[in-house]
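Listed below, chain by chain, are the residues.
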Amino acid sequence: MGLSRTMMPFKLQLLAVLAFAVAMLLIENQIQKLEESRARLERTIARHQLAEVEQRHSEDLGRESPPLAEKDDMVIIYNRVPKTASTSFTNIAYDLCGKNRFHVLHINTTKNNPVMSIQDQVRFVRNVTSWREMKPGFYHGHVAYLDFSKYGVQGKPMYINVVRDPIERLVSYYYFLRFGDNYRPGLRRRKQGDKKTFDECVSSGGSDCAPEKLWLQIPFFCGHHSECWDAGSRWALEQAKYNLVNEYLLVGVTEELEDFIMILEAALPRFFKGATELYRTGKKSHLRKTTEKKPPRKETIAKLQQSDIWKMENEFYEFALEQFQFVRAHAVREKDGELYVLAQSFFYEKIYPKVS
């Protein structure tokens, strides 16, 4: 009996502790729910405040400013690398420019020289920044990257580009010079009549398929510095990487062109609204294909891959590919085999002073 009486208070104490712990958990749960409700309420209030601010801003623009089409001064430069599906992509811009109200300008240099003289650099920068009648504008051409900040102008353009596996790009260009493509089949090409295959060219040490011919994507991104065009320059490679990350809005890859177009449409609907559907269903986007192109043998590829120039160009391509895949992973999702663009995932939680 004595032992029984001494155990009873201990059991009561244990039950009291358990009851207190359960009560504390319930209270903490209620506090958490209240915090979540408060946060949701703040977000709702912030969205309403933001909507009121945007509405007032739109009304002010309507009363005091010209229409958006007249005051939009956005400029995009697509300094397209040859044989990277650049014509396919540019045709989309031509098809959209009327509907989306922007101008498309082709930069055609003498003898397709990608390097401009210093005087032409100044003229080009002046044109792009001050030619108001051509804004918003989409400029495209086979020209090397040009750093607008060197010229003391305000409002730098946005650069975009597409790169391709360096050997595949060279093979395509090799056969293009000999057989042309289905874009302008009647045009006589520079090497027309030369029946030598790419494999035969590499085997015999021909100049048109030499490793130096691989050196193109790096200098296009590197720019107008002399060392950019020094085949095999490690400095040029690093400069090209720097420009790709810091000066280009987006760089896609030929092998994933549709994804590149989809992301551009999401990021810049002012220019590219409707581009994805046009690419999927339009005829022009699939028009240009090099004719009589023969895939190179493994031995040919292995021989080219022994050169330091290929190793650098491939390093740059892999760098661009990794960056594009990183951007894509944070921009789109796949569902049932189809890609879709992610909705806006940020908002302004608090806006002060509060709108009265």
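Just so it is clear, the structure is predicted and the values come from calculations on it, not from any experiment.

Side chains Val 75 and Ile 77 of strand 1 (residues 75-78) all project onto a buried face; the interleaved residues Ile 76 and Tyr 78 project onto the opposite face, where all are buried too. Sheet topology places strand 1 next to strand 3 (residues 137-140); 4 bridges connect them, and they run parallel. When the bridges of strand 3 are listed, Ile 76 appears paired with Phe 138. Two elements, strand 1 and strand 4 (residues 158-163), share 3 bridges in a ladder whose sense is parallel. Paired with Tyr 78 across the two strands is Ile 160, which belongs to strand 4.

Another aspect to go through is the nonpolar core. By size, the foremost hydrophobic cluster in this structure holds 76 residues, and its most contacted members are Phe 138, Phe 221, Phe 260 and Phe 272. Broken down by element, this core gets its largest block of residues, 8 residues, from helix 13 (residues 308-329). Non-local contacts of Phe 138, meaning those with residues more than four positions away in its chain, are made with Ile 76, Tyr 78, Phe 89, Ala 93, Phe 102, His 103, Val 104, Leu 105, Ile 160, Phe 271 and Phe 272.

Turning our eyes to something else, we now look at the pattern of salt bridges. Note that side chains of opposite charge can pair when their charged atoms are close. If you walk through the whole model with that rule in mind, you get 13 salt bridges. Residue Arg 178 pairs with Asp 208 through a salt bridge whose shortest N-O separation is 2.7 Å. Here Asp 208 lies in the loop between helix 6 (198-204) and helix 7 (217-222) and Arg 178 lies in helix 5 (residues 166-179), a separation of 30 residues in the sequence. Assessed through its relative accessible area of 3%, Arg 178 is described here as buried. Of the residues examined, Asp 208 reaches a relative accessible area of 17% and is grouped as buried. The shortest N-O distance in the salt bridge between Glu 315 and Arg 234 comes to 3.3 Å. Taken as a pair, Glu 315 in helix 13 and Arg 234 in helix 8 (residues 234-247) lie far apart in primary sequence, 81 residues in all. Owing to a relative accessible area of 28%, Glu 315 belongs among the partly exposed residues under this scheme. Taken together, the shared-partner salt bridges in this structure form one network comprising Arg 234, Glu 238, Lys 241 and Glu 315.

Once that is clear, we can look at unusual backbone geometry. Note on backbone geometry: most residues besides glycine have negative phi, and most peptide bonds are trans. Lys 135 connects to Pro 136 through a cis peptide bond whose omega is -5 degrees. When you line up the elements, Pro 136 lands in the loop between helix 4 (118-130) and strand 3. The peptide bond linking Tyr 352 to Pro 353 adopts the cis configuration, its omega dihedral lying at -5 degrees. Along the polypeptide, Pro 353 turns up in the segment after strand 7 (338-341).

To continue, consider the packing of helix 9 (residues 257-267) against helix 13. Orientation of helix 9 relative to helix 13, taken along the N-to-C sense of each, is 50 degrees, at an axis distance of 11 Å. The angle between helix 9 and helix 13 falls in the class oblique. Seen from above, helix 9 lies across helix 13 with left-handed handedness. Together, Asp 259, Phe 260 and Ile 263 of helix 9 and Phe 324, Val 327 and Arg 328 of helix 13 make up the contact between the two elements. Among the residues making up the contact of helix 9 with helix 13, the classes are represented as 4 nonpolar, no polar and 2 charged.

Quick look at a nonpolar patch on the surface now. A cluster of nonpolar residues, Leu 12, Leu 14, Leu 15 and Leu 18, forms a patch on the protein surface that exposes about 410 Å² of accessible area. Relative to the assigned elements, Leu 12 resides in helix 1 (residues 2-64). The class of Leu 12 is exposed, set by a relative accessible area of 55%.

Turning to the sheet that holds strand 2 (residues 103-106), a few remarks are in order. Spatial strand order, 2-3-1-4-5: 5 strands in an open sheet with parallel pairing. Each edge of the open sheet carries a strand with a single partner, namely strand 2 and strand 5 (248-253). Ignoring which end each strand starts from, the neighbouring axes of this sheet average 20 degrees apart. Packed onto the sheet, helix 13 meets strand 4 and strand 5 and runs at close to 110 degrees relative to strand 5.

Looking at the chain as a whole, its pLDDT mean stands at 85, while 81% of the residues score no less than 70. Here residues 64-70 is modelled with pLDDT under 50, and outside its nearest four sequence neighbours on either side it reaches 6 contacts, counting other chains as well. Of the regions scoring below 50 in pLDDT, residues 185-189 engages in 7 contacts with residues more than four places distant in sequence or in other chains.

Its 13 residues place the ends of helix 4 18 Å apart at the C-alpha level, agreeing with the 18 Å of an ideal helix rising 1.5 Å per residue. Gln 121, Phe 124, Val 125, Val 128 and Thr 129 are the residues of helix 4 that are buried. Taken end-on, helix 4 shows its buried residues confined to a sector of 120 degrees, consistent with a single buried face. Residues of helix 4 that are buried sit in contact with strand 1 and strand 3.

The rules we used
- Residues numbered from 1 in each chain as written.
- Predicted model: local features only at pLDDT ≥ 70, side-chain atom pairs only at ≥ 80, totals over all residues.
- Heavy atoms only, no water.
- Buried < 20%, exposed > 50% of the residue type's maximum accessible area, 1.4 Å probe, protein only.
- Helix = DSSP H or I, 4+ residues; strand = E, 2+ residues; numbered from the N terminus.
- Pairing = 2+ DSSP bridges.
- Core = buried A, V, L, I, M, F, W, Y, C linked by side-chain atoms within 4.5 Å.
- Contact = heavy atoms within 4.5 Å.
- Salt bridge = Lys/Arg side-chain N within 4 Å of Asp/Glu carboxyl O.
- Axes fitted to C-alpha atoms, helices over the stretch in contact; angles between N-to-C directions.
- Parallel < 35°, antiparallel > 145°, perpendicular 65-115°, else oblique.
- Left-handed = near helix turned anticlockwise from the far one by under 90°.
- Nonpolar A, V, L, I, M, F, W, Y, C, P; charged D, E, K, R; others polar.
- Patch = residues over 30% accessible without salt bridge, like charges linked within 9 Å, V, L, I, M, F, W, Y side chains within 5 Å.
- Areas by Shrake-Rupley, 256 points an atom, 1.4 Å probe, with all protein chains shown as cover.
- pLDDT = per-residue confidence, 0-100.
- Expected span 1.5 Å × (residues − 1).
- Arc of directions from axis to C-beta.

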